[in-house]
Amino acid sequence: MCAMFRWTRRNFLWQAGLAPIAGGFGSRALAAAANDRSTAKITRRTRGRIYEDLGLRPFINAAGTYTTLSACIMPSEVVAAMEEAARRHVSIPELQEAAGKRIASLVASEAALVTSGCAEALTLATAACVCGSDAEKIRRVPDTTAMKNEVIFQKSHRFGYDHAIRNVGVQVVEIETMEELDRAITSRTAMLFFLNSADHLGRIKRQEFAEIARKKGIPSLIDAAADVPPAENLTAFLKMGYDMAAFSGGKGIRGPQCSGLLLGRKDLIEAAFLNGSPHADTVGRGGKVGKEEIVGLMTAVELFLKQDHQRVWKEWENQVRSIGKAVAGIQGVESEQFVPAIANAVPHLAIKWDPAIVGLTRDEVARALREGEPRIEVRPSAGNEPRLEIAVWMLQPGEYLTVGRRCAQVLRAAVRKA
Ligand SMILES: *Cc1c(COP(=O)(O)O)cnc(C)c1O
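Residues numbered from 1 in each chain as written. Predicted model: local features only at pLDDT ≥ 70, side-chain atom pairs only at ≥ 80, totals over all residues. Heavy atoms only, no water.

Asker: How would you explain helix α11 (residues 266-274) if you had to name every residue and give the values?
Answerer: If you check which residues of α11 are buried, you get Leu268, Ile269, Ala271, Ala272 and Phe273. Buried positions along α11 lie against α4 (92-106), β2 (111-115), α5 (118-131), β7 (244-248) and β8 (260-264). (Buried < 20%, exposed > 50% of the residue type's maximum accessible area, 1.4 Å probe, protein only. Helix = DSSP H or I, 4+ residues; strand = E, 2+ residues; numbered from the N terminus. Contact = heavy atoms within 4.5 Å.)

Here it is, written out as structure tokens:
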């Protein structure tokens, strides 16, 4: 009986997300001593070499904010805010509410929620449209029987991260034309989804899509994960009529790598919160955010909005120019600045070469940079054309000089002798 009671109580605490550390520590003194020793050892051993100590070779990031490449480096103010947040306990619902209010006021949104990445923001936004704040529905998903459980996409807007939407147990309904959209909207429609970076691929453009959703009274969500900067995008899509907009925290905003931001209508944002952490029995519980990430992203948004964006842009252009100059004059090599039309819309450098003169493929150049000293990662590419893309926005001070020097070395060494 007694054991049963304890189990049940613990189970309840787990359900509520309140379980204390299970079990006792035999000898606290022993544990503390071991702890002290290992802390001292860690401090001695790894100061500034935490990755090397694991046998890893950190790299200069001339690729951009790719998750696999550990996204961004946070400004020191953000790291300091996270460290301060890490030192005391706080109620997560209270912190989420307060930080959400602060962020919302900065970007003129009704409400805001810090999530664990943009992908999780997509899950929570979808769950908000399917379940709202209904406790029974929140517990039951991904079983969405008898709920509104269809999300409408343009066919060209299907993408890898739509798994985050499908996790909620919804059916994706694909459409291409306006007439198809009109026909697809029924009493089962939970949400209309738009992928900002696919705007140029679909027949229905972003503004029009938001207007239809509005007219039909269906909540709409836009994924703009990698579309900041420009900073105006934090407000533009809501102004355009989207009910919710989702962004990565660890990309251009330069917050914690595992953070994201969901902005939009107050009732939906509140429902999104109820569909995820810290609430245990929810579809979004796997996407836990801690006090450090919440405070970190809030601070990153504040800093980002205060930044002199024109000055930063000029600095990026200077670095692009400098790397271009470093490879200028190598036989068969040309370079030019470009700004991707959408997603990561910041100055990049494209280096192109004549393979008849410089005898390397794109992948061979990328590999030489990766295997060289220091290690350098460039923008991933689907093809193997003789063209290398360099992003400068994640470079740390002075690293552009190293990138220029190494690119020149690798290309020059491959010039075929006549
Ligand atoms: C990066 C990205 C995501 C995922 O964002 P996370 O913050 O890494 O979860 C989703 N959608 C698009 C378009 C992205 O570029």
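Asker: Report on the packing of aromatic side chains, specifying residues and quantitative values.
Answerer: On inspection of all chains with the given rule, the structure shows seven aromatic pairs. Centre to centre, the rings of Phe194 and Phe209 are 5.3 Å apart; their planes meet at 55°, and the pair counts as tilted. Separated by 15 residues along the polypeptide, Phe194 in strand β5 (residues 189-195) and Phe209 in helix α9 (residues 206-216) bring together distant segments of the chain. The structure contains a cluster of three or more aromatic residues connected by ring pairs, namely Phe153, Phe159, Tyr161 and Phe193. It is Arg387 that lies over the ring of Phe338; its NZ or CZ is 5.1 Å from the centre. (Phe/Tyr/Trp six-rings, centres within 6.5 Å; stacked < 30°, edge-to-face > 60°. Lys NZ or Arg CZ within 6 Å of the ring centre and 35° of its normal.)

Asker: I'd like a rundown of the site of the ligand, residues and numbers included.
Answerer: Inspection of the region around the ligand gives Thr67, Gly117, Cys118, Ala119, Phe159, Tyr161, Leu195, Asp223, Ala225, Ala226, Ser248 and Lys251 as its neighbouring residues. One nitrogen or oxygen atom from the side chain of Ser248 is found 2.6 Å from an oxygen atom belonging to the ligand. Across the complex, the protein chains shield 84% of the 380 Å² of accessible surface that the ligand would expose by itself. Partitioned by chemical class, the residues of the shell around the ligand number seven nonpolar, three polar and two charged. (Near = heavy atom within 4 Å. Polar contact = N/O pair within 3.5 Å; in protein donor to acceptor, adjacent residues only side chain to side chain. Areas by Shrake-Rupley, 256 points an atom, 1.4 Å probe, with all protein chains shown as cover. Nonpolar A, V, L, I, M, F, W, Y, C, P; charged D, E, K, R; others polar.)

Asker: Residues and numbers for unusual backbone geometry, please.
Answerer: Cis geometry marks the peptide bond from Val228 to Pro229; its omega dihedral reads 0°. Structurally, Pro229 can be placed in the loop between β6 (220-223) and α10 (233-240). Cis geometry is found at the peptide bond from Pro229 to Pro230, where omega equals 5°. When you line up the elements, Pro230 lands in the loop between β6 and α10. Of note, Ala71 is a non-glycine position whose phi angle comes to about 55°, a positive value. Mapped onto the fold, Ala71 is located in the loop between β1 (60-62) and α3 (76-85). The backbone of Ala343 shows a phi angle near 70°, a positive value even though the residue is not glycine. Along the chain, Ala343 turns up in the loop between β9 (333-338) and β10 (348-353). With a relative accessible area of 18%, Ala343 lands in the buried category.

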